[in-house]
Protein chains: 2
Amino acid sequence: MPGNKQKHATLVDVARAANVSVATAGRALGNYGYVGAEAKDKILKAAHALNYRKNLAAQSLISGKAKTFGMIVSDIGIEFYSNIIKSVVNYCRGHGYCVLIYDTHESVRIEREALAIFQQHRVDGIIVSPADFRNADHLREFVSSGGRVVQIDRCVPDLESDTVQLDNRRAARECTRKLIAAGHRRIGYIGELSEIRPASLRKFMATSQPVSDARQPFAPSCQRLFGYLDAHREAGIEVCPDLIGRTGQYSDGAACKETGKVLAHAPTALLTADGLMTVGAFRAIRAHGLRIPEDLSFISFDDLDWLQFVDPPVTAFAHPCSRIGEEAARILIKWANRGEDASPLHHEHVRLAGSLIERESIRML
Amino acid sequence: MPGNKQKHATLVDVARAANVSVATAGRALGNYGYVGAEAKDKILKAAHALNYRKNLAAQSLISGKAKTFGMIVSDIGIEFYSNIIKSVVNYCRGHGYCVLIYDTHESVRIEREALAIFQQHRVDGIIVSPADFRNADHLREFVSSGGRVVQIDRCVPDLESDTVQLDNRRAARECTRKLIAAGHRRIGYIGELSEIRPASLRKFMATSQPVSDARQPFAPSCQRLFGYLDAHREAGIEVCPDLIGRTGQYSDGAACKETGKVLAHAPTALLTADGLMTVGAFRAIRAHGLRIPEDLSFISFDDLDWLQFVDPPVTAFAHPCSRIGEEAARILIKWANRGEDASPLHHEHVRLAGSLIERESIRML
DNA sequence: TTGTATGCGTTATCAC
DNA sequence: GTGATAACGCATACAA
């Protein structure tokens with residue numbers, strides 16, 4: 001009778017079968033230390049016959065390395081994140097690493113729990129797109145206890161971590177320029193912008209400086225608003241505050257409602273801050289019976305799959321999702337494989353360029 | 001100087017700080033055995049102060065349980081899979097389990113590698129959508145070494161595992177009935193169908209029995225073809241073999257090409273076998289300048305996000321993605337938490353119903 | 001109720 | 001080159 005729990009051959013079993021000591025078997029199978037040729041051969045054969053698999057838990061206990069990274073995003077089902085996850089997973093696989101994944105639905109509580117689990121697993125680093133900028137003590141604690149964090153897309157500004165993200169300001173500027181070049185002067189913008197209180201929006205617009213290469217201490221939707229403002233400023237166009245839609249929360253429903261308000265102020269073009277905003281805005285445009293591009297030109301910030309299928313296909317700014325994932329994974333792997341030479345722990349801040357995919361949703365005025 | 005590697009407090013540290021033995025500290029923090037109230041209090045305080053996190057590797061070494069499942073899909077970026085992953089991850093989190101994820105891009109070699117890694121991690125079970133029906137010895141080996149496998153969507157028929165999938169035959173029958181009820185007699189079908197050699201398609205069509213509740217030993221695209229044939233048979237309509245498009249490989253490019261061929265035989269309606277086929281078919285329809293539903297009615301098997309955004313919105317059959325993920329996770333967790341009473345290892349075969357989302361892509365003839 | 005001792009499967013440190 | 005043996009951090013049987 002085979003017993004209830006799985007049996008796995010151990011080094012001891014292999015060593016016995018090959019007539020050597022555990023130490024020798026370990027050296028042969030772990031590729032360290034000296035092993036004689038014929039001994040190694042015997043051991044490999046025995047291991048294969050017994051279907052031996054090294055127990056990573058035991059290895060982790062000794063080495064302190066789990067050969068595993070943790071990853072936290074707000075919604076695995078969102079195209080943007082699932083694409084990044086895919087590239088992270090594949091890059092890590094190629095380098096012998098696993099990835100544990102959690103989905104927070106924007107809940108800081110769940111993010112905290114996920115982090116605790118990761119610490120129990122002794123992961124070698126984490127990739128995270130934080131749920132809340134103002135509530136990241138758990139991330140700080142993780143860092144201060146020696147963990148390495150790579151933030152993607154969203155970045156808590158005062159966290160000692162690496163960051164990988166699109167150059168949001170430049171990208172939004174490029175989109176806005178495109179619309180301005182087509183003759184548009186009343187360009188709407190729909191974004192979460194929860195950091196900016198509605199009352200201070202005008203002040204905020206005035207505050208935005210033409211150039212700022214410093215690390216941007218803002219959410220992506222705000223950074224992109226900067227780019228939107230930049231393009232207007234350089235073209236000498238004054239921005240009408242009514243055209244800036246602030247949803248306040250990150251949902252397509254809110255985006256739909258806010259877009260409705262903006263449409264009441266007669267924009268000739270619309271730029272969204274990301275894919276979720278695009279979904280909401282699209283619903284509002286439909287509901288208002290507006291045609292693209294005859295009645296309204298449109299650029300989606302985030303190239304959702306379906307934008308190429310609607311009629312006419314919609315111009316969009318494509319995130320470099322694969323690059324984001326690969327860069328994040330690369331940083332962690334480099335760190336995890338560092339030697340004993342204590343290099344001074346330098347954090348990377350990768351800014352990537354995306355690309356504007358021109359389709360047919362912009363009308364020349 | 002803080003040293004190069006992360007330091008984590010251990011039970012020994014906590015015990016010392018709380019002035020108790022390791023055993024007592026372990027009992028308090030592991031919630032097992034007897035612990036005095038004030039001792040427990042001291043220990044909890046000390047653990048908190050030291051930011052103690054139990055080392056799951058050590059626990060796994062003893063218990064043989066990793067509190068982790070493995071999951072293998074062919075493409076994380078596909079909406080269908082990312083939705084399932086999301087529900088698996090969330091369900092598992094609620095029950096104290098982690099999920100390791102791999103993406104095979106349909107490569108059996110990678111699937112094999114992933115499985116080996118999972119064995120090294122001593123995962124408590126795996127969820128897999130196999131890359132190849134005819135090449136699953138690695139899965140069999142996993143099972144015979146005591147591992148538990150839940151197959152989703154695609155199922156290797158002779159593998160001792162649980163299965164969770166849509167009732168494909170019934171679902172496709174429902175879609176086809178809908179088209180027939182609308183008056184359509186020439187309904188095209190686009191699927192991978194790689195199991196069926198083109199030469200034997202006619203024979204295959206004749207072979208299909210009206211009723212077969214047995215576990216279907218075929219790929220989803222074939223099972224769905226059965227449903228398509230069922231609906232025709234019960235309506236007394238003869239199927240024209242030219243209307244059945246077999247892509248032979250799983251790619252949207254192949255689907256586009258094959259759809260082109262089918263369109264040449266003047267179907268009035270089209271049913272796809274899944275989301276990837278839908279994408280390819282849609283491109284072909286565009287390329288042929290056909291309008292939906294005026295020139296061609298359309299049902300997508302798989303309710304992709306964008307189908308509600310195109311004009312007109314497309315009728316689609318929605319997979320119960322969340323349910324699939326939850327059922328799969330439920331089965332594994334139930335098994336992982338089983339007691340010592342060796343229940344006789346019964347495999348579940350869950351068949352779920354999806355739902356036809358009616359939109360505006362079907363024209364009444 | 002608490003403490004002591006032993007083992008899980010590896011790797012590392014020594015002698016041989 | 002190879003083989004004992006002691007860790008790693010936790011859980012468990014058993015003694016106190």
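Anything mentioned here points back to the structure above.
Rules used in this analysis
- Residues numbered from 1 in each chain as written.
- Chains lettered and ligands numbered in written order.
- Predicted model: local features only at pLDDT ≥ 70, side-chain atom pairs only at ≥ 80, totals over all residues.
- Heavy atoms only, no water.
- Pairing = 2+ DSSP bridges.
- Helix = DSSP H or I, 4+ residues; strand = E, 2+ residues; numbered from the N terminus.
- Axes fitted to C-alpha atoms, helices over the stretch in contact; angles between N-to-C directions.
- Contact = heavy atoms within 4.5 Å.
- Near = heavy atom within 4 Å.
- Polar contact = N/O pair within 3.5 Å; in protein donor to acceptor, adjacent residues only side chain to side chain.
- Nonpolar A, V, L, I, M, F, W, Y, C, P; charged D, E, K, R; others polar.
- Buried area = accessible area lost by both parts, 1.4 Å probe.
- Salt bridge = Lys/Arg side-chain N within 4 Å of Asp/Glu carboxyl O.
- Buried < 20%, exposed > 50% of the residue type's maximum accessible area, 1.4 Å probe, protein only.
- Right-handed = clockwise from strand over helix to strand, strands pointing away.
- Parallel < 35°, antiparallel > 145°, perpendicular 65-115°, else oblique.
- Left-handed = near helix turned anticlockwise from the far one by under 90°.

Colleague: Which residues make up the sheet that holds strand 9 (residues 297–301) of chain A, and what values do they have?
Modeller: Hydrogen bonds between backbone atoms are what pair the strands of a sheet, whose relative direction is either parallel or antiparallel. Residues and elements named next belong to chain A. Read across the open sheet, the six strands follow the order 7-6-8-9-10-12; overall the sheet is mixed. Bordering the open sheet on either side are strand 7 (244–246) and strand 12 (355–357), each of which pairs with just one other strand. Looking at each pair of strands side by side, their axes are set apart by 15 degrees on average, direction ignored. Seen against the sheet, helix 8 (residues 168–181) touches strand 6 (187–191), strand 8 (269–272), strand 9, strand 10 (315–318) and strand 12 and runs at an angle of roughly 170 degrees to strand 9.

Colleague: Lay out the protein's contact with DNA strand C in plain terms, naming residues and giving numbers.
Modeller: Taken together, 22 residues lie near DNA strand C, and Gln59(A), Ile62(A), Thr24(B), Arg27(B) and Gly36(B) sit nearest. Near-protein atoms of DNA strand C (within 4 Å) split between backbone and bases, with sugar and phosphate holding 65%. A distance of 2.9 Å separates a phosphate oxygen of DNA strand C from a polar atom in the backbone of Ser21(B). One of the side-chain nitrogen or oxygen atoms of Arg27(B) is found 2.7 Å away from a base nitrogen of DNA strand C. Only helix 4 (56–63) of chain A together with helix 2 (22–30) and helix 4 (56–63) of chain B provide two or more residues apiece to the surface near DNA strand C. Split by residue class, the surface near DNA strand C holds 13 nonpolar, six polar and three charged.

Colleague: Explain the interface of chain B and chain A to me, using residue names and the numbers behind them.
Modeller: Frequently, the measure chosen for interface size is the accessible area removed from exposure when the parts meet. Contacts between the two partners involve 61 residues from chain B, matched on the other side by 62 residues from chain A. When the two sides are added together, the surface that chain B and chain A hide from each other amounts to roughly 5500 Å², 54% of it contributed by carbon and sulfur. For the interface between chain B and chain A, the tally reads five salt bridges. Our count for the contact surface shared by chain B and chain A stands at 13 residue pairs in polar contact (both at pLDDT 80 or more). Within the residue set of the side of chain B that touches chain A, elements represented by two or more residues are helix 4, helix 5 (79–94), strand 2 (98–103), helix 6 (108–120) and helix 12 (275–287) of chain B. For the side of chain B that touches chain A, the per-class residue count stands at 25 nonpolar, 21 polar and 15 charged.

Colleague: Tell me what's going on with the pattern of salt bridges, and back it up with residues and numbers.
Modeller: Residues and elements named next belong to chain B. All told, the structure shown has 51 salt bridges over all chains when counted by the stated rule. Between aspartate 41 and lysine 45 there is a salt bridge, with the nearest N and O atoms lying 2.9 Å from each other. Note that aspartate 41 and lysine 45 are positioned in helix 3 (residues 37–50) at a spacing of four residues, about one turn of the helix. Across the salt bridge formed by aspartate 132 and arginine 134, the nearest N and O atoms sit 3.5 Å from each other.

Colleague: Tell me about the pairing of strand 9 of chain A, and name the residues and values.
Modeller: Looking down a regular strand, the side chains alternate between one sheet face and the other. All names here are of chain A. In terms of burial, strand 9 is largely enclosed, as five of its five residues are buried. On strand 9, burial covers both faces: Ser297, Ile299 and Phe301 on one face and Phe298 and Ser300 on the other are all buried. When strand 8 meets strand 9, the two strands line up parallel, connected through three bridges. What sits directly across from leucine 271, in strand 9, is isoleucine 299. Regarding the hand of the β-α-β motif, the stretch spanning strand 8, helix 12 (residues 275–287) and strand 9 is right-handed. Taken together, the three bridges between strand 9 and strand 10 define a ladder with parallel strand orientation. Counterpart to phenylalanine 301 in the pairing with strand 10 is phenylalanine 317.

Colleague: Could you give an account of the packing of helix 5 of chain B against helix 13 (residues 321–336) of chain B, with specific residues and numbers?
Modeller: All names here are of chain B. At a minimum axis separation of 7 Å, helix 5 and helix 13 run at an interaxial angle of 40 degrees. Taken together, helix 5 and helix 13 sit at an angle that is classed as oblique. Here helix 5 and helix 13 pass one another in a crossing that is right-handed. Contacts from Phe80, Asn83, Ile84, Ser87, Val88, Tyr91 and Cys92 in helix 5 reach Cys321, Ser322, Ile324, Gly325, Glu326, Ala329, Arg330 and Ile333 in helix 13. Of the residues that constitute the contact of helix 5 with helix 13, the class distribution is nine nonpolar, four polar and two charged.

Colleague: How would you summarise the environment of Gly33(A) if you had to cite specific residues and measurements?
Modeller: Among the structural elements, Gly33(A) can be located in the loop between helix 2 (22–30) and helix 3 (37–50). The sequence separation of Gly33(A) and Phe118(A) amounts to 85 residues, and the corresponding C-alpha distance is 32 Å.

Colleague: An account of the protein's contact with DNA strand D is requested, with residue identities and associated values reported.
Modeller: Surveying the vicinity of DNA strand D reveals 21 residues, the closest of which are Thr24(A), Gly36(A), Leu11(B), Tyr52(B) and Ile62(B). Put simply, 65% of the atoms of DNA strand D that lie within 4 Å of the protein are in sugar or phosphate. A distance of 3.0 Å separates a phosphate oxygen of DNA strand D from a polar backbone atom of Ser21(A). Contact between DNA strand D and Gly36(A): a phosphate oxygen at 2.3 Å from a main-chain N or O atom of the residue. Of all elements in the fold, only helix 2 and helix 4 of chain A together with helix 4 of chain B reach the threshold of two or more residues within the surface near DNA strand D. Of the residues assigned to the surface near DNA strand D, the class counts are 13 nonpolar, six polar and two charged.

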